[in-house]
Amino acid sequence: MTTAPTPVPTTLAATDLGGGAGASTTAARTTPAPTRRRGPLARLGGAWLATLPLLLFFVIGFGLPTVAIVIGAFTTSSDAEAGAGQFTFDNLTASVQGAYLTAMLSSLKLSALTALLATLIGLPIAQAVVTSRRGWLRQAVLTASGVLANFGGLPLAFAFVATLGNAGEITRLLHLTDHGWSLYTFTGLTIVYLYFLIPLMVLTITPALDGLRTQWREAAQNNRATTYQYWRHVALPILLPSLLGGFVLLFGSAFAAYATAAAMVGATVPLVSRSIADALSGNVLVGQGNLALALSLNMIVVAVLVMAVYLPLQRRSARWLS
């Protein structure tokens, strides 16, 4: 009759195989102690806590006003004769008809034209700065671009009125009025917008130009490629996401600008931002506050579409130039 073998404890087996208690102690010491793994929520807790002030600012500064605009755009005005606060589509319908549609199309045209011109002019300026061997020139141009990109509103309008207005210094010196020049037109407003959009484009595209590696140009030269061929087949395809992203950013900046156009051209050039101000102040009709909210909602939709295009372009450009 056979008996089942008695199971040997792990520590005893280690002692028998290793030749004594010393091996058992060594085996026990080399066994790693179990570690407590932090869950994904615990790991993200510190990051979310650090960004909590920014999130609160975003909710208070942007979230609540957006909700108020959306609610007001779909309700009747409190100044209405009857049915105040009721749900309606009349505000949105009126915001895309007549003079308001003209103002929206004019704003889109002005923003697209100035963004395109600023992109085409800003790119060679930024390239000249990047390839310059004079460090002081790069610092001077970038510093000036940072200042001019944020120079707008009433000071910018006053500066252009004093220089290129009907009684401006340059206008009288060159007799521009004799040639049909007027600052208070669509063309004049385009020139004023370029004053701060071109520096903004220089600041936007300079990091992308810095990301172009010299090895790419050298490889193109070794393959007997001309400068035109290098830019056509190598540099511009790589810079295209950054250029499109810069164009979209300039478009959004021009589309949202208000103070400069309001102070300089007034109602001469119809713009949606000016239409919102007129509806809020009652310059055209009384009790059109919710119509102004509908116009603001249209601008928010355009801004969301702009950001929806800008962010993927920036991520794609970063993969190449990082």
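Residues numbered from 1 in each chain as written. Predicted model: local features only at pLDDT ≥ 70, side-chain atom pairs only at ≥ 80, totals over all residues. Heavy atoms only, no water.

Going by this rule: UniProt positions are given in the numbering used here, feature names are shortened, and annotations may be inferred rather than shown by experiment.
Going by an unreviewed UniProt entry, the protein carries the name ABC transporter permease subunit and comes from Kitasatospora purpeofusca. Check the Subcellular location (unreviewed entry) section of the UniProt entry for the protein; it says "Cell membrane". UniProt lists a comment for the protein under the heading Sequence similarities (unreviewed entry), and it reads "Belongs to the binding-protein-dependent transport system permease family. CysTW subfamily."

**Topic: the overall build of the protein**
This is how it is decided: Secondary structure follows DSSP: runs of H or I at least 4 residues long count as helices, runs of E at least 2 residues long count as strands, and numbering of each begins at the N terminus. The contact definition used throughout considers only heavy atoms, calling two residues in contact when any of these lie within 4.5 Å.
The number of helices and strands found in the protein is 14 helices and 0 strands. Helices (α) and strands (β) of the protein occur, in sequence order from the N terminus, as α-α-α-α-α-α-α-α-α-α-α-α-α-α. Residue pairs in contact within the protein that sit at least 24 positions apart in sequence constitute 69% of those at least 6 positions apart.

**Re the packing of helix H9 (residues 186–210) against helix H11 (residues 227–256)**
In plain terms, the rule: Fitted lines through C-alpha atoms give the axes, limited to the stretch in contact for helices. The angle between two N-to-C directions lies from 0 to 180 degrees. Roughly parallel refers to an angle under 35 degrees, roughly antiparallel to one over 145, roughly perpendicular to one between 65 and 115, and oblique to any angle outside these ranges. Each crossing gets its hand from how the near helix is turned against the far one by less than a right angle, where anticlockwise is left-handed and clockwise is right-handed.
For the pair H9 and H11, interaxial distance at closest approach is 10 Å and the crossing angle is 140 degrees. The orientation of H9 with respect to H11, classified from their angle, is oblique. In this structure, the crossing between H9 and H11 has a hand that is right-handed. Taking contact as the criterion, the partners of Tyr-193, Leu-197, Leu-200, Met-201, Thr-204, Ile-205, Ala-208 and Leu-209 in H9 are, on H11, Trp-231, Leu-239, Ser-242, Leu-243, Gly-246, Leu-249, Leu-250, Ser-253 and Ala-254.

**Some details on a nonpolar patch on the surface**
Selection rule: Patches were defined on residues exceeding 30% relative accessible area and lacking a salt bridge, with like-charge contacts within 9 Å and nonpolar side-chain contacts (Val, Leu, Ile, Met, Phe, Trp, Tyr) within 5 Å. Working definition of accessibility: Shrake-Rupley area with a 1.4 Å probe, residue cover restricted to the visible protein chains. By definition here, a salt bridge exists when the distance from a side-chain nitrogen of Lys or Arg to a carboxyl oxygen of Asp or Glu is within 4 Å.
Residues Trp-48, Leu-49, Leu-52, Leu-54, Leu-55, Leu-56, Phe-57, Phe-58, Val-59, Ile-60, Phe-62 and Leu-64 make up a contiguous nonpolar surface patch of about 1300 Å² in total accessible area. If you trace the backbone, Trp-48 turns up in helix H3 (residues 40–73).

**Brief notes about the UniProt feature "transmembrane region" (unreviewed entry) in the protein**
Residues given the UniProt feature "transmembrane region" (unreviewed entry) here are residues 46–74, 110–129, 141–161, 181–203, 238–271 and 291–313. Taken end to end, residues 110–129 has its terminal C-alpha atoms 28 Å apart, with 100% of it in helix and 0% in strand. Between the end C-alpha atoms of residues 291–313 the distance is 34 Å, and the span holds 100% helix and 0% strand.

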